[in-house]
Amino acid sequence: MRIETCYVCSGPRYPGKGITFVRNDAKVFHFCRSKCHRAFKAKLNPRKLRWTKAFRKAAGKEMSVDSTFDFERLRQRPVRYDRELMKKTVRAMERVQQIKEAREKRFWEKRMAPNAEVEKERDLKEVTQGLDLIVSPLAQQELQKVTRKAKTKVAEKAM
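Residues numbered from 1 in each chain as written. Predicted model: local features only at pLDDT ≥ 70, side-chain atom pairs only at ≥ 80, totals over all residues. Heavy atoms only, no water.

As annotated in an unreviewed UniProt entry, the protein is Putative ribosome biogenesis protein rlp24 from Chrysochromulina tobinii. Listed in UniProt under the heading Sequence similarities (unreviewed entry), the comment for the protein reads: "Belongs to the eukaryotic ribosomal protein eL24 family." (UniProt positions renumbered as here; feature names shortened; annotations may be inferred.)

Structure below.
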């Protein structure tokens, strides 16, 4: 079973799903869904469509260069079956996946680091804007005393 990648979004295209377009020059294009097929027919550039992997890589939102990608490309080649080799490959695939996830996490944290400063500034601005809404506990106690006195006076006058 071969899982192709979609020509537009680079997502997986499973057998029996999606659309295959064969051009007159025998070039084959695989699409995972009609959304991708329509984008191709409309001659849209995948690097400019925000929902594609090509855009994310071009915009620097995903890792584009990593040695784990080379290992994944190696796995796609057919090799004569050997039980020991398969065991080693499966173990290596698990380890490579762990490494890849750790690198992606570091990449994401590095990419999001400037956002922490912006978020902190935004929070400080919000606090300073609503400073009049924040009342200290001492001021609250004084306010409660004043309201209690006013209520007792009103109750006394009513009797």
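Picking up after the structure, the text goes on.
Now for the overall build of the protein. When helices and strands are tallied, the protein shows five helices and four strands. Beginning at the N terminus, the succession of helices and strands in the protein can be written as β-β-β-β-α-α-α-α-α. Computed over the C-alpha atoms, the radius of gyration of the protein is 31 Å, more than 25% above the 15 Å expected from 2.2 N^0.38 for a compact globule of 159 residues. Counting only C-alpha atoms, the protein reaches 100 × 45 × 30 Å along its principal axes. By residue count, 14% of the 159 residues in the protein fall in the buried class. When contacts within the protein are restricted to residue pairs at least 6 apart in sequence, those whose partners lie at least 24 apart make up 40%. On the protein, roughly 13900 Å² of surface is accessible, and the fraction owed to carbon and sulfur atoms is 55%. (Helix = DSSP H or I, 4+ residues; strand = E, 2+ residues; numbered from the N terminus. Rg over C-alpha atoms; globule rule 2.2 N^0.38 Å. Buried < 20%, exposed > 50% of the residue type's maximum accessible area, 1.4 Å probe, protein only. Contact = heavy atoms within 4.5 Å. Areas by Shrake-Rupley, 256 points an atom, 1.4 Å probe, with all protein chains shown as cover.)

Looking now at unusual backbone geometry. The bulk of non-glycine residues show a negative phi, and the bulk of peptide bonds are trans. With a phi close to 65°, Ser 10 is a non-glycine residue in the positive phi region. Relative to the elements of secondary structure, Ser 10 occurs in the loop between β1 (4-5) and β2 (12-13).

What follows deals with the pairing of strand β3 (residues 19-22). Bridge analysis of β3 against strand β4 (residues 28-31) gives four bridges, and the strand direction is antiparallel. Bridged to Val 22 within β4 is Val 28. Adjacent in sequence and paired antiparallel, β3 and β4 are bridged by five residues, among which Ala 26 carries a positive phi angle near 70°. (Pairing = 2+ DSSP bridges.)

On to the UniProt feature "domain: TRASH" (unreviewed entry) in the protein, then. The positions UniProt marks with the feature "domain: TRASH" (unreviewed entry) are residues 6-44. This span, residues 6-44, is 21% helix and 26% strand, and a straight line between its end C-alpha atoms measures 14 Å.

Attention now moves to the nonpolar core. In terms of nonpolar packing, the biggest core is built from nine residues, these being Cys 6, Val 8, Cys 9, Phe 29, Phe 31, Cys 32, Cys 36, Ala 39 and Leu 49. Of all the secondary structure elements, the ones that give two or more residues to this core are β4 and α1 (34-41). Those residues in contact with Leu 49 that sit more than four places away from it in its chain are Val 8, Ala 39, Leu 44 and Phe 55. (Core = buried A, V, L, I, M, F, W, Y, C linked by side-chain atoms within 4.5 Å.)

Time to look at the domain arrangement of the protein. Examined at the domain level, the protein breaks down into domain 1 (1-62) and domain 2 (64-134). Taking only C-alpha atoms, the centre of domain 1 and the centre of domain 2 are 23 Å apart. (Domains from an automatic or database assignment.)

For helix α5 (residues 137-158), with 22 residues, the first-to-last C-alpha span of 31 Å sits near the 32 Å given by 1.5 Å per residue. Of all 22 residues that make up α5, zero are buried, and the element is exposed over most of its length. (Expected span 1.5 Å × (residues − 1).)

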